Amino acid sequence: MDVKVLSGNKAAAHGVRLARPDVIAMYPITPQTPLAEELAKFHAEGLIDAEIIEVEGEHTAMSAITGAAVAGGRVFTATSSWGLSYMNEPFMFCAGNRVPAVMVNVTRETSSLRGVGGSRQDIMTARDGGWIQIEPETCQEVLDSVLIAYRLSEDPRVLLPVVVAYDGFFLSHQYERVEVPDQATVDKFLAPVSARIRSKLDDPRTLHFSISLAGMDFANYRKMALEAMEGAKAIHGEVEDEFAALFGRRYGMIDTYRADDAEIIYLTAGSCSGTIRTIVDRARNRGHKIGLARLRVFRPYPREEMARVLEGKKAVAVIERSICLGWNCGHLFQEARAVLPDVTNPPKMVDFIDGLSSLDITADHLEKALAITMAAADGQTVKETNWLIWE
Amino acid sequence: MAYPTLLKNDNGCPVGCQECLKACADRGSYPKLPQIEKVELPEENFSTVSTCNQCSDGDCLDVCPTGALRKNSAGFVAIDPATCLGCGLCNMVCPYGGIMSIENLHKSSKCDMCHGRETAACAEACPHQVLSEMKAGPLLESFQPDVCSPGLQFCAGCAMELVARVLLKTLGDDVVLFGAPSCCVLSDKVKVQYYGTLMTNLASTASGVSRYFKKTGRETICLALTGDGATADLAFGTVSAAAERGERILYVCYDNEAYMNTGIQRIGTTPFGAWTNTTQVGSHDRGKSRAAKDVAILIAEHGVNYAATATLGYMADMVEKFKKAKEAVKTGFAYIHVLAPCPTGWKMPTELAVAVTRMAVSVNYFPLWEAVKGNFAFTHEVKDPRPVGDYIGLMKRFGHYDLRQTETLQAIVDERYRRLKRLTHKLQ
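So, a few notes on the structure that sits alongside this text.

### Comments concerning the overall build of chain A
Scanning chain A from N- to C-terminus turns up 13 helices and 16 strands. A compact globule built from 391 residues should have a C-alpha radius of gyration of about 21 Å, and chain A, at 21 Å, falls within 12% of that. Dimensions of chain A, computed from the C-alpha atoms along their principal axes, are close to 70 × 50 × 45 Å. With 391 residues in all, chain A has 62% of them scored as buried. A separation of at least 24 residues holds for 80% of the contacts in chain A among residues at least 6 apart in sequence. Just so you have it, chain A exposes about 15100 Å², and 53% of that area is on carbon and sulfur atoms. Counting 42 positive and 53 negative side-chain charges, chain A places the averaged centre of each group 3 Å from the other.

### Examining the overall build of chain B
Helix and strand counts for chain B come out as 15 helices and 16 strands. Radius of gyration (C-alpha) of chain B: 24 Å, near the 22 Å computed for a compact globule of 428 residues. When each of the 428 residues of chain B is scored for burial, the buried share is 53%. Split by element, the accessible area of chain B, about 19100 Å² in all, is 53% carbon and sulfur.

### Examining the sheet that holds strand β4 (residues 75-79) of chain A
Residue and element names in this part refer to chain A. What the 7 strands build is an open sheet, ordered β3-β2-β4-β5-β7-β6-β13; its pairing is mixed. Two strands close off the open sheet at either side, each with one partner strand: β3 (51-54) and β13 (297-299). This sheet shows a mean twist of 20° between the axes of neighbouring strands, independent of strand direction. Here 2 bridges tie strand β6 (residues 132-134) to β13, and the two strands are oriented antiparallel to one another. Bridging across to β13, Gln133 finds its partner in Arg299.

### A look at a nonpolar patch on the surface
Residues and elements named next belong to chain A. On the surface, Leu359, Trp387, Ile389 and Trp390 cluster together to form a nonpolar patch covering roughly 430 Å² of accessible area. You can see Ile389 is positioned in the segment after β16 (385-387). Taking the relative accessible area as the measure of exposure, Ile389 reaches 38% and is therefore partly exposed.

### A short note on the interface of chain B and chain A
By a widespread convention, an interface's size corresponds to the accessible area lost as its parts come together. With 29 residues of chain B at the contact, the number on the chain A side is 33 residues. The junction of chain B with chain A conceals about 2400 Å² of combined surface from both sides, 59% of it contributed by carbon and sulfur atoms. When the buried surface of chain B facing chain A is broken down by residue, Tyr195, Tyr212 and Lys215 of chain B rank first, second and third, together holding 26% of it. Summed over the shared surface of chain B and chain A, the result is 5 salt bridges. We note a salt bridge from Asp22 of chain A to Lys215 of chain B, for which the minimum N-O separation is 2.7 Å. Counting every contact that joins chain B to chain A gives 10 residue pairs in polar contact (both at pLDDT 80 or more). Mapped onto the side of chain B that touches chain A, the elements with two or more residues apiece are β10 (193-196), α7 (202-216) and α9 (236-245) of chain B. Of the residues forming the side of chain B that touches chain A, the biggest block, 10 residues, is contributed by α7 of chain B.

### A look at unusual backbone geometry
Cis peptide bonds are those with omega within 30 degrees of zero, and the linkage from Thr30 of chain A to Pro31 of chain A qualifies with 0°. In this fold, Pro31 of chain A is placed in the loop between β2 (23-26) and α2 (33-44). In the segment running from Arg299 of chain A into Pro300 of chain A, the intervening peptide bond is cis, with an omega of -5°. Considering the arrangement of structural elements, one finds Pro300 of chain A in the loop between β13 and α11 (303-310). Of note in this structure, Asn45 of chain B is not a glycine but carries a positive phi near 55°.

### Re the side chain of His365 of chain A
Residues and elements named next belong to chain A. Considering the arrangement of structural elements, one finds His365 in helix α13 (residues 363-377). The buried category is assigned to His365, whose relative accessible area is 11%. A distance of 2.6 Å separates a polar atom in the side chain of His365 from a polar atom in the side chain of Asp354.

### A short note on the state of the cysteines
All names here are of chain B. For the structure shown, the criterion picks out 0 disulfides over all chains. Unpaired in terms of disulfides, Cys17 finds its nearest cysteine sulfur in Cys20, a separation of 6.2 Å. For Cys17, a relative accessible area of 17% translates into the label buried.

### A word on the sheet that holds strand β15 (residues 348-353) of chain A
All names here are of chain A. In spatial order, the strands read β10-β12-β11-β14-β15-β16; together these 6 strands make up an open sheet with mixed pairing. Strands at the two margins of the open sheet, each flanked by one partner only, are β10 (254-257) and β16. Across the sheet, the mean angle separating the axes of adjacent strands is 20° when strand polarity is ignored. Pairing analysis gives 3 bridges linking β15 to β16, with the strands arranged parallel. Along β16, the bridge assignment pairs Phe352 with Asn386.

Definitions and limits used
Residues numbered from 1 in each chain as written. Chains lettered and ligands numbered in written order. Predicted model: local features only at pLDDT ≥ 70, side-chain atom pairs only at ≥ 80, totals over all residues. Heavy atoms only, no water. Helix = DSSP H or I, 4+ residues; strand = E, 2+ residues; numbered from the N terminus. Rg over C-alpha atoms; globule rule 2.2 N^0.38 Å. Buried < 20%, exposed > 50% of the residue type's maximum accessible area, 1.4 Å probe, protein only. Contact = heavy atoms within 4.5 Å. Areas by Shrake-Rupley, 256 points an atom, 1.4 Å probe, with all protein chains shown as cover. Lys, Arg positive; Asp, Glu negative; His and termini not counted. Charge placed at Lys NZ, Arg CZ, Asp CG, Glu CD. Pairing = 2+ DSSP bridges. Axes fitted to C-alpha atoms, helices over the stretch in contact; angles between N-to-C directions. Patch = residues over 30% accessible without salt bridge, like charges linked within 9 Å, V, L, I, M, F, W, Y side chains within 5 Å. Salt bridge = Lys/Arg side-chain N within 4 Å of Asp/Glu carboxyl O. Buried area = accessible area lost by both parts, 1.4 Å probe. Polar contact = N/O pair within 3.5 Å; in protein donor to acceptor, adjacent residues only side chain to side chain. Disulfide = S-S within 2.5 Å.

Structure below.
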C-alpha cells in the first residue's frame with residue numbers, strides 16, 4: 001500500500017490501473033481530461049497492459065468498450081457532460097444488452113455551452129439508462145468505487161455496467177490523501193470475477209450477439225435486467241464486506257453521519273457531504289440533533305434503506321446540484337419523496353438547489369438551509385423548493 | 001484443377017445461325033447430335049443458345065435414380081450411358097436446357113465440354129464470339145465451404161445474397177461478422193459468429209472487438225458488412241476514424257445508393273438527379289440536386305492497407321479483392337466498396353442486377369480500382385467508355401432525366417474519372 005496525494009481523476013486512474021483492464025477507450029473532455037492523460041502516461045510507462053483506443057469521440061468510446069467487453073475483455077472509458085449525452089445511444093445499448101463495463105463520469109452541467117462547471121445534471125439525465133450509478137464523496141472513495149464497480153459489474157448475477165460519477169472540479173481536480181492499494185490485494189479482491197469465463201465470442205455455440213430480441217423474448221430480457229438491478233443491492237453488500245475485509249473501508253449504499261438519533265437530517269450526494277459533516281458537528285455543539293445521509297448508490301435506488309433512514313425524522317433538508325424540470329425540485333428530492341409512503345411517520349421535506357455551474361455550496365448556505373428546515377419541523381410554512389443563493 | 005464451362009456473352013446471337021450446332025454434331029463423338037440447343041423467337045428478333053452450365057451442385061445429380069450422372073474429375077457433369085435409363089428426369093429438372101434425350105436409344109446425353117479437345121467445338125466455330133470456354137478453376141479453388149444458409153431473405157432480383165455468399169466463401173469461417181440494421185442482416189443465417197450493432201457504431205464496435213483480439217493474440221477476422229447508410233452518412237466519422245487508427249477491420253460497404261431498408265430515401269451516395277422518396281420529381285424538383293459522395297476514394301486516401309471498388313459483373317475481380325483484403329486486414333484496415341444494385345429502389349427489371357453493374361463499369365460510372373496504402377491502380381480499365389445514357393436508361397429512377405441532366409451526370413462521371421486517373425499516375 002502506498003499513500004499518495006491525488007486528485008479525483010488521478011485516484012480514478014490508479015483504480016483503473018489496478019483493475020488491469022484489457023481495452024480502454026478515451027476521449028478528452030473537461031473536467032475528465034487529466035484522467036485520460038494519466039492513463040496514457042501509465043500506458044507509455046508500461047504500467048498498464050491494455051489496448052488504448054484513442055477514439056474520435058465518446059460515441060465510439062462507448063461502442064468500442066462494449067464490443068471489447070462482449071468479446072471477453074475488461075474495459076474502461078470515462079467522460080463528462082456533453083460526452084455523456086453524445087454517447088447516449090451506445091450507453092443505453094450497453095446496459096440494454098447487459099454488457100459488463102465500467103466507466104467514470106466526471107459530473108458537469110449540460111445545459112449551456114459555457115456550462116463548463118460542476119453539477120450533477122449530466123448523470124441525472126442518464127438515470128434511466130440502466131447503469132448502476134455510484135457517487136463518491138472523496139478521492140479515496142473514487143479509487144475504491146472503481147474497484148468495487150468491476151466486482152459488481154462482472155458478477156454473473158449482475159452483468160450490468162457501472163458508472164462511477166464524481167463531482168467535476170470539486171473532486172476531479174482537488175487533491176487529497178489517498179491510500180493506493182497494492183496490486184496483489186486488488187488482484188485478490190477481483191479474483192472471483194477475473195477467473196470467470198468471460199468470452200462469449202470464444203464459445204462456438206454462442207454465435208449470435210444482436211439487438212434482435214422482440215416480443216415475449218424482449219419482455220423477458222427486460223424483466224431479467226430489472227431483477228438483476230434489484231439483486232445488485234444485496235450483492236453490493238457482499239462485495240463491500242469483502243472490500244472492507246481487505247482494505248478496511250466501507251461506505252454503504254447510503255452513508256450516514258450522526259443520523260441515528262437525529263431529528264433533522266441533510267440528504268445529499270457527492271463532495272458537498274464533507275462540508276455538511278462540519279455543519280452537523282457545529283449544530284450538534286449547539287445542542288441540535290442533526291445528521292447526514294449521503295446517497296452513495298443512486299442506481300439501484302436503495303428504497304428500503306432510505307425508508308429506514310427517514311423513519312422517525314422530523315424533517316429532511318435535501319441539498320442538491322441538479323434540477324428536475326417539470327417537477328420544480330431536484331432529483332434527490334423527487335426520488336426520496338417517492339419513498340415516503342414506506343415510512344410510518346413521514347418527515348417534512350424541504351429542497352435546496354445550490355452549487356450549479358461550479359458555484360460553491362458554502363457553510364453559510366448550509367446553515368440557511370438548516371434554519372429553514374428547522375422552521376418547517378416546528379410547523380411553520382416554508383417553500384418546498386429553495387434556491388440557496390437567493391435565500 | 002480447371003473447371004471448364006461454356007460462357008455466353010451479349011454480343012448478339014443472330015437468328016438462323018446454326019454454326020455451333022453443326023460443329024457440336026460433328027465434334028467426333030457419340031451421339032452424332034448437337035448437345036446444345038438453339039432458342040429463337042424470330043418475331044422478337046431474339047435468339048440464344050442453351051448449354052449445360054456444368055453446375056457444381058446441379059439438381060440433375062440428385063434426381064438421377066441410377067446415379068448415372070456424376071461430376072467427374074475433369075470438372076464437368078457426365079452421364080454414364082451404361083447405367084442411364086433414359087427416364088428424362090435430369091432433362092426435366094435442368095433449368096438451362098442442358099440435357100438432351102436420344103429418343104430412339106432411350107438414353108440421355110449432354111455436353112462433355114468436348115473432353116480431350118483444346119477448346120469446345122461450338123466455341124471454336126462460333127463466328128460471332130457469342131460462345132466461349134471459361135475455366136472457372138482459379139475462382140472456385142479459392143472458395144471455402146459456404147457458411148450461409150441455403151436461402152437468404154432479399155427482394156426479388158437483389159444480388160446481395162451473391163455478394164455475401166462469395167465474400168464469406170472467400171474469407172472462410174474464422175470470422176466475426178458485424179452487421180447493423182440494414183437490408184442485409186445475416187445474423188442467424190450464417191454459420192459464423194455474428195455481432196449486431198447499432199447503425200451508428202459498426203466500425204467503433206468492431207474496433208473494440210478487434211483490439212481485444214489483438215491483445216489476446218487472436219487472428220479471427222473482424223468483418224463489417226453493411227450498407228451505404230451506416231458507412232457514408234451517419235457513421236462516416238466512425239469509419240474514417242477506424243481507418244485512421246488502422247484498426248484490423250475488413251469493412252465491406254454494399255452501396256445501393258439510398259436508404260433501401262427504410263423504403264428508398266436519399267443518401268450521400270445517391271447519384272445526381274436520381275429519384276428517391278425524399279428527392280422527388282415534380283414541377284420544382286428533378287430528383288437529387290447534388291452529386292454523390294465518393295466514399296471509396298475518401299477511405300482510400302486515409303492511406304489504409306487496402307481499399308478497392310468491386311461489383312457483381314466482375315466476379316473474378318471481386319474475389320481477388322476479397323483475397324487481398326483478407327491478407328491486408330492482418331495488419332490494418334481494409335475497405336471494399338461494392339456497387340450493389342437494388343432493383344426495387346432503382347426501379348429496374350429484376351433480371352438486370354448483374355448486367356446493370358457491368359454497364360456501370362463500362363460507362364465509367366463505377367470504375368474498378370484498388371489502392372494499396374493510398375497508391376491507386378485500375379484493375380479493369382475501360383478502353384472506349386460508353387455514354388452514361390446507356391447506363392441510366394436501364395433504370396426508371398432516372399426515367400425523368402432530360403438532356404441537361406444527362407449532360408450533367410456525364411460531366412460528373414468524366415470529371416471523377418479524370419481525377420481517379422490522376423490518382424493512378426505514379427510520381428517517378
